[in-house]
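Here is what each chain is made of, one letter per residue.
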Amino acid sequence: KPLKLESGKKIVFADYLRANHRIAYDIKSKRAQVISIIEFKVDQAGHTVFDLTSPLEKVLLNQQVVEVREIQLPKSDTQILLVDSLIEPGTHKLIVKSTMSDGLMFENSSVDHFFAFRDLRDRHFLERYLPANLEFDSYKIDIEVQLKGGEFAKHSIMTNGTVDLISQQTARVSFPESFNSSSLYFHIFPFDNYQVETVKHVKINGRTIDVSFYIERSLAWLIPTFKWRVLGGVANKGLLSSLERTIGPFPFDNLILKLSPNFHGGMEYVAAIETTHKALKHELVHMYFGRSVHPRDGQAGWVDEAIAMWYDFGVFYKWFLKAYSFFGIKAVEDHFQSKLKNIKLHSSGDTVRKTNKNSYKYGFYFIAYIDYLLAQNDQSLDTFLKWFFKTYEGQQITTTDFKDALEQYSNLSFENEFNKFIF
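Residues numbered from 1 in each chain as written. Predicted model: local features only at pLDDT ≥ 70, side-chain atom pairs only at ≥ 80, totals over all residues. Heavy atoms only, no water.

Student: Which residues make up the overall build of the chain, and what values go with them?
Tutor: If you tally the helices and strands in the chain, you get nine helices and 24 strands. Computed over its C-alpha atoms, the radius of gyration of the chain comes to 23 Å, within 12% of the 22 Å expected for a compact globule of 423 residues. Each principal axis of the C-alpha distribution contributes one length, and for the chain these read about 70 × 60 × 35 Å. Pairs at least 24 apart in sequence give 68% of the contacts found in the chain among residues at least 6 apart. Of the roughly 18,800 Å² that the chain leaves accessible, carbon and sulfur atoms contribute 50%. Taking the average location of the 50 positive side-chain charges in the chain and that of its 50 negative ones, the two points are 2 Å from each other. (Helix = DSSP H or I, 4+ residues; strand = E, 2+ residues; numbered from the N terminus. Rg over C-alpha atoms; globule rule 2.2 N^0.38 Å. Contact = heavy atoms within 4.5 Å. Areas by Shrake-Rupley, 256 points an atom, 1.4 Å probe, with all protein chains shown as cover. Lys, Arg positive; Asp, Glu negative; His and termini not counted. Charge placed at Lys NZ, Arg CZ, Asp CG, Glu CD.)

Here's what the structure looks like:
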């Protein structure tokens, strides 16, 4: 919905129709320049916004040069770029010229550039690299990649888009209309710098997908241990098959795993993850909850983190509660009250773009409490989550959607619990 600034200007959020980006990696000058053409529509008159944290060079709206300034969104802890020109309802074209440097490395006649997203930090999705809308909006994205002073024969692109090689200096990467600013996975790198291994996995529904593991070549000896944990050898006893039996068929047609022994945690994208061994199961769960059933914004970001933590530790916690229940129902209730206190996981504000850091610990306790309450009525969180995924696969959700689904499935009210600990 539109927002009003203290100056009286009305912000109208755009509906992006498509975005075409051209990235020119100039290996000799060690620079990356970007030209982005975005077609969008608005249904009200006002001032529109977009975001980009990389340096701007020029912005044109409908072929006219316009001023752009960073503003604080009302009732929010985030900034965004305001196009300081009034627009009328209808379709418009935004052209943005910018440069990129975040995570960009040049080496001899090659480039290594990874679009690293972080959901616990503000403005750390696609807007770190390319002009983007907020996370609520899905739209078609195409990226033309140009190598000036290099050639694609010496490079690889790992991506969840479709790659078309136009020439030895130009490639086009296309992403589907279902993608938003947190979906895209893109990494271009020198072919010799990484070891890539792709294997087949037969999903529980009989369909076969490619699973690609890659890591810096000096650490290639780690790939077999990751492969074994994910796929489990010929017996299909790995994490992927286990999650399919627990939740449902893997929701995507392929999977990319960027492996690291040093990265502290992990990060999920559509059909792709960055991960260590420690975070592996957690990030695979996010393929279901987080990237298939995905939060509309940071306010709902706690849901998928809490669910992933449940699949990490829920089975052990159930055993703990079973032993703890020896002291009586009141003791269990007091235990949860002391763990949860009055933490509010649904972040306040009209526009929230990062996940609440309490989502892991306190989100887990809240989800475990829900499982405990369901168990009192001969139900379980695991069976609900399987139904929830099947019902909402491929859709955006809010915290209210999650609460409503829980109540619909269980025929119970969780109004008090959500009001006390979530909202």
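Student: Help me get a handle on the pairing of strand S13 (residues 140–148), residues and values and all.
Tutor: Working note: regular strand, side chains alternate between the two faces of the sheet. When strand S3 (residues 15–26) meets S13, the two strands line up parallel, connected through nine bridges. Each bridged residue has a counterpart across the sheet, and for Arg 18 the counterpart in S13 is Lys 140. For S13 and strand S16 (residues 170–175), the ladder comprises six bridges, and the chain directions are antiparallel. Counted as the bridge partner of Ile 141 is Phe 175 from S16. (Pairing = 2+ DSSP bridges.)

Student: A description of the packing of helix H7 (residues 381–392) against helix H8 (residues 399–410) should follow, citing residues and the corresponding values.
Tutor: At a minimum axis distance of 11 Å, the contact between H7 and H8 shows a crossing angle of 120 degrees. For the element pair H7 / H8, the angle class is oblique. For the pair H7 and H8, the crossing hand works out as right-handed. From H7, Thr 383, Phe 384, Trp 387, Phe 388 and Tyr 392 reach across to H8, where they touch Asp 401, Phe 402, Ala 405, Leu 406, Gln 408 and Tyr 409. Of the residues that constitute the contact of H7 with H8, the class distribution is eight nonpolar, two polar and one charged. (Axes fitted to C-alpha atoms, helices over the stretch in contact; angles between N-to-C directions. Parallel < 35°, antiparallel > 145°, perpendicular 65-115°, else oblique. Left-handed = near helix turned anticlockwise from the far one by under 90°. Nonpolar A, V, L, I, M, F, W, Y, C, P; charged D, E, K, R; others polar.)

Student: So what about the environment of Leu 56? Which residues, and what values?
Tutor: Position of Leu 56 relative to the elements: it lies in strand S6 (residues 56–61). In this structure the C-alpha to C-alpha distance between Leu 56 and Ser 98, which are 42 residues apart in sequence, comes to 4.4 Å. Every residue in contact with Leu 56, bar those within four places of it in the chain, is listed here: Val 68, Leu 81, Val 96, Lys 97 and Ser 98.

Student: Please set out the sheet that holds strand S8 (residues 68–72) residue by residue, giving values where relevant.
Tutor: The antiparallel open sheet is built from three strands, whose spatial order is S5-S9-S8. Each edge of the sheet is formed by a strand with only one pairing partner; in this case those strands are strand S5 (49–50) and S8. Across two bridges, S5 lies against strand S9 (residues 79–83) in antiparallel orientation. Paired with Val 49 across the strands is Leu 82, a residue of S9.

Student: Could you give an account of the environment of Asp 15, with specific residues and numbers?
Tutor: If you trace the backbone, Asp 15 turns up in strand S3. Asp 15 sits 76 residues away from Thr 91 along the chain, and the two C-alpha atoms are 9.3 Å apart. Beyond its immediate chain neighbours, meaning those up to four positions away, Asp 15 contacts Phe 40, Lys 41 and Asp 137.

Student: Which residues make up the pairing of strand S20 (residues 254–259), and what values go with them?
Tutor: Within S20, five of the six residues are buried, which leaves it mostly tucked inside the rest of the structure. Relative to S20, strand S19 (residues 208–216) runs parallel, the two sharing five bridges. Its bridge partner being in S20, Phe 213 is matched across the sheet by Leu 257. Relative to strand S22 (residues 272–275), S20 runs parallel, the two sharing four bridges. Of the residues in S22, the one forming a bridge with Leu 257 is Ile 273. (Buried < 20%, exposed > 50% of the residue type's maximum accessible area, 1.4 Å probe, protein only.)

Student: Can you lay out the packing of aromatic side chains for me, pointing to particular residues and giving the numbers?
Tutor: Think of a pair of aromatic rings as described by two things: how far the centres are apart, and how the planes are tilted against each other in angle. Taken as a whole and assessed by the stated rule, the structure comprises 49 aromatic pairs. Ring plane angle 45 degrees and centroid distance 5.0 Å describe the contact between Phe 388 and Tyr 392, whose orientation is recorded as tilted. With Phe 388 and Tyr 392 both in helix H7 and four residues apart, this pair spans about one turn of that helix. The ring of Phe 114 carries Lys 258 above its face, with NZ or CZ at 4.8 Å from the centroid. (Phe/Tyr/Trp six-rings, centres within 6.5 Å; stacked < 30°, edge-to-face > 60°. Lys NZ or Arg CZ within 6 Å of the ring centre and 35° of its normal.)

Student: Please give an account of helix H2 (residues 239–246) that cites residues and values.
Tutor: Residues of H2 that are buried: Leu 239, Leu 240, Ser 241, Leu 243 and Glu 244. Against the buried residues of H2 lie strand S18 (194–202), S19, helix H1 (223–231), S20 and helix H3 (280–286). Downstream of H2 by one or two residues, Gly 248 has phi in the positive range, about 150 degrees.

Student: Before we move on, can you summarise the packing of helix H4 (residues 301–324) against helix H6 (residues 361–375) with the specific residues and values?
Tutor: As a packed pair, H4 and H6 sit with axes 8 Å apart at the nearest point and diverge in direction by 65 degrees. Of the two elements, H4 crosses H6, and the hand of that crossing is right-handed. Contacts between H4 and H6 pair Trp 302, Ala 306, Ile 307, Met 309, Trp 310, Phe 313, Gly 314, Tyr 317 and Lys 318 from the former with Gly 363, Phe 364, Tyr 365, Phe 366, Ile 367, Ala 368 and Asp 371 from the latter. Considering only residue class, the contact of H4 with H6 consists of twelve nonpolar, two polar and two charged.

Geometric values such as these leave the question of function open.
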